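So the chains spell out like this:
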Amino acid sequence: MREFIDPIARLVNQFSKLPGVGQKTAQRYAYKILDMSPAQVKEFAETLVATKETVHFCAVCGNFTEKERCKICDDALRDHSVICVVKDAKDILAIEKINEYKGVYHVLGGLLNPIENVGPNDLHIKSLMTRLDGTVKEVIIATNPTVEGEATAMYLARLIKPLGVKVTRPAQGVSAGSELEYTDNATLTQALENRKEI
């Protein structure tokens, strides 16, 4: 006997595609959907579709936005002479939560990884280099402290330093092998405050 009827099985399968959602959690989500009213389910589905259709990447930094440029890039009070380079747009939220960093960002869209055939041309490195027009004083490379993150940081440092731009890396308050988005606020604050030049 099959565990679920087809519609529920398909729903469980869709939820299980989300990161961190195992089979049991996917089942709970599916049953929660079945407990919701038709109006609630419709609103939930419409929100998913609307978010996917309206949210895209900032033309300048690669952050999530509904407009051409994100709020951070458009903020005249931010220090545009300091760019913090991160792997993904979701890493920006982790840094913004500490409420200490006042510069702007640049999203690479991944990390160098020869095993998975991810090279420099697969990342947003050219657009970063274009931003280094003489007004940028410092680039903070805040990639995860993994083998790929460190390799990407060293590659970027070799490209940027000859331009006379200071290149720094968050201090090792962030443990090796960890993901930036899951780092607690105090550790992330300390890491950014004690960043070191590379």
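Definitions and limits used
Residues numbered from 1 in each chain as written. Predicted model: local features only at pLDDT ≥ 70, side-chain atom pairs only at ≥ 80, totals over all residues. Heavy atoms only, no water. Helix = DSSP H or I, 4+ residues; strand = E, 2+ residues; numbered from the N terminus. Polar contact = N/O pair within 3.5 Å; in protein donor to acceptor, adjacent residues only side chain to side chain. Disulfide = S-S within 2.5 Å. Buried < 20%, exposed > 50% of the residue type's maximum accessible area, 1.4 Å probe, protein only. Core = buried A, V, L, I, M, F, W, Y, C linked by side-chain atoms within 4.5 Å. Contact = heavy atoms within 4.5 Å.

Draft legend 1. Up close: the side chain of Thr168. By the secondary structure assignment, Thr168 is in strand 6 (residues 166-169). Of the polar contacts made by the side chain of Thr168, one reaches the side chain of Glu138; its length is 2.7 Å.

Draft legend 2. Region of the structure containing the state of the cysteines. Scanning all chains against the criterion turns up zero disulfides. In this model Cys61 remains outside any disulfide bridge; the closest cysteine sulfur is found in Cys73, 3.6 Å from its own. With relative accessibility at 3%, the residue Cys61 sits in the buried group.

Draft legend 3. The environment of Ala171, seen in detail. For Ala171, the location among the structural elements is in the loop between strand 6 and helix 8 (185-193). On a C-alpha basis, the gap between Ala171 and Thr189 in space is 9.8 Å, while along the polypeptide they are 18 residues apart.

Draft legend 4. Structural detail: the nonpolar core. Within the largest apolar cluster, 40 residues are counted, with the highest numbers of intra-cluster contacts made by Cys84, Ile95, Tyr101, Val139, Leu156 and Ile160. A total of five residues in this core trace back to one element, the largest contributor, which is strand 3 (residues 79-86). The residues contacting Ile95, other than those within four sequence positions of it, are Cys84, Val86, Tyr101, Tyr105, Ala142, Leu180, Leu188 and Leu192. The next biggest cluster of nonpolar side chains, apart from the first, holds eight residues, and it includes Ile8, Val21, Ala30 and Ile33.

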